[in-house]
Amino acid sequence: MPRKNIKGLYKDKKTGYYYINKQMKGIRIHQSTGLRNRIAAENELDRIIDICHKPTCLREITFRDASIRHIISSQRKDLDKDAGKLARLYPFIAHIELKTIDRFLLEPFLTLLRLENKKTNTINSYLALIRLILRKCNREWKREDGNFWLTSLPHIPLESVFDARMPYPLSWPEQDLLFPLLPEHLKPPILFGLNTGLRDSEICNLKWSYLRRVPDSESLYFIIPASSQKNKKSRLIVLNSVGHEIIKDLWHLKSNDYVFNYKQNKLTTLRNDGWLNAVKNAVGRYENKFLLPCPEEFKRLRIHDLRHTVGRRLRAAEVPELDIAAILGHSSFGGVTAHYADAEIFHLVRQLEKIAQPQKQTSSSTIRAITQKDQRTNQLDINKSSNQRSFYH
């Protein structure tokens, strides 16, 4: 019979599924059981409690046990994405014992992803998550007898990437085409991204508390703390005249600690309906404006392409690679550090100012090579002079 008054287990009246909402060892666990049967849901709750308090029980440990341990113990920023991937993996390998998992057991799931026309990078993200969990079982989590959950790691190689989408840096005329089509609340953060090279998440999570001023100067910059960065290193964000003007204008409108808001709520992503509709409308006008077919990459323009745009424009302005690495926050350059003297900040501001306006050159066209599957086409991007500040006002 079902037990009465079990803390942490409740039924969703709309779907009929049972959910777990319970705090164990200081960690809040809130997830669906995927079950509509009360007794089965109670058994699932008991199972999770057993894993949390006695994860090294005598029975063989399954991938479900390991994935739950990963969710409740990990501090990864992408934990919600991990949970979504694990939910898709559960019907295939949740019940499988850890010691029997290998690439052959994963093939039915990988075949399903291929039938759904998922990109190789997407497939590899699932494989990487499985490898991460198994690695923790082999190196971090131990049974009560002192042995690790998994004695040896199976060989699960990633697939070779052949279908990755090429980066698509925007030309100035393409920026002219796209920007007026954006909704008003997206124009400041998009323009800010085109002048700083920040990632989508970095723009949305940028806080006023990170703002700094160079002593005895009007120059502003941001320091993103290491705790908010994926690589756990603090990040310097310098501002050119366009970025500086955006921050000054938004300062008088701030309603919370986040720089970019919509209806007094922080943005969660810039890739929303407003962005997608603007890109769709721009695609419809592309051929009439440029008298050229619209590139496939432009039809699937990403927020991350703004970052590629900054990198390309800095290189076109002959900015040294080390300065580009510092501006974009690349950690692969050993000489890049999060600690800068005032003179270094001014130097980076001068370099970033070179992309505040289109470069005035007698030969200003660039060739963008676009690779898509087995076809390679070249398209000429004509960089016309235009005032970038007019996009914001």
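Conventions adopted
- Residues numbered from 1 in each chain as written.
- Predicted model: local features only at pLDDT ≥ 70, side-chain atom pairs only at ≥ 80, totals over all residues.
- Heavy atoms only, no water.
- Helix = DSSP H or I, 4+ residues; strand = E, 2+ residues; numbered from the N terminus.
- Buried < 20%, exposed > 50% of the residue type's maximum accessible area, 1.4 Å probe, protein only.
- Core = buried A, V, L, I, M, F, W, Y, C linked by side-chain atoms within 4.5 Å.
- Contact = heavy atoms within 4.5 Å.
- Axes fitted to C-alpha atoms, helices over the stretch in contact; angles between N-to-C directions.
- Parallel < 35°, antiparallel > 145°, perpendicular 65-115°, else oblique.
- Expected span 1.5 Å × (residues − 1).
- Bend = angle between axes of the 7 residues up to and from the residue.
- Polar contact = N/O pair within 3.5 Å; in protein donor to acceptor, adjacent residues only side chain to side chain.

Visitor: Go over unusual backbone geometry with me, naming the residues and quoting the values.
Guide: Trans is the prevailing form of peptide bonds, just as negative phi is the prevailing case for residues other than glycine. Of note, Asn117 is a non-glycine position whose phi angle comes to about 60°, a positive value. In this structure, Asn117 sits in the loop between helix H4 (103-115) and helix H5 (120-139). The exposure class assigned to Asn117 is exposed, which follows from its relative accessible area of 66%.

Visitor: Outline the nonpolar core, listing residues and values.
Guide: Ile190, Phe192, Phe222, Ile247, Phe260, Trp275 and Phe298 are the most contacted members of the largest nonpolar core, which has 43 residues in total. Among the secondary structure elements, those contributing two or more residues to this core are helix H6 (172-178), helix H7 (187-196), helix H8 (200-204), strand S5 (220-224), helix H9 (241-251) and helix H10 (273-290). Tallying contributions element by element places H10 first for this core, with 5 residues. With sequence-adjacent residues up to four places away left out, Ile247 is seen in contact with Phe192, Trp208, Leu211, Leu220, Phe222, Leu239 and Val259. Ile61, Ile96, Ile101 and Leu127 belong to the second largest nonpolar core, which has 25 residues in total.

Visitor: Quick rundown of the packing of helix H13 (residues 321-328) against helix H14 (residues 342-353)? Include the residues and the values.
Guide: Packing of H13 against H14 leaves a shortest axis separation of 10 Å and a crossing angle of 95°. One way to sum up the angle between H13 and H14 is to call them roughly perpendicular. Taken together, the residues of H14 that come into contact with H13 (itself represented by Asp323, Ala326 and Ile327) are His347, Leu348, Gln351 and Leu352.

Visitor: Tell me what's going on with helix H2 (residues 63-73), and back it up with residues and numbers.
Guide: Of all 11 residues making up H2, 8 are buried, and the element is well covered by its neighbours. Three or more residues of H2 are buried, namely Phe63, Asp65, Ala66, Ser67, Ile68, Arg69, His70 and Ile72.

Visitor: Which residues make up H4, and what are the values?
Guide: Structurally, the α-helix is built with 3.6 residues per turn, so residues lying three or four positions apart point the same way. With 13 residues, H4 ought to run about 18 Å at 1.5 Å a step, and its terminal C-alpha atoms sit 18 Å apart, in line with that. Taken as a whole, H4 carries its principal kink of about 30° at Phe109. If you check which residues of H4 are buried, you get Arg103, Leu106, Phe109, Leu110 and Leu113. Here the buried face of H4 lies against helix H3 (79-93) and H5. Measuring from the backbone nitrogen of Phe104 back to the side-chain oxygen at the start of H4 gives 3.1 Å, which picks out Asp102 as the cap.

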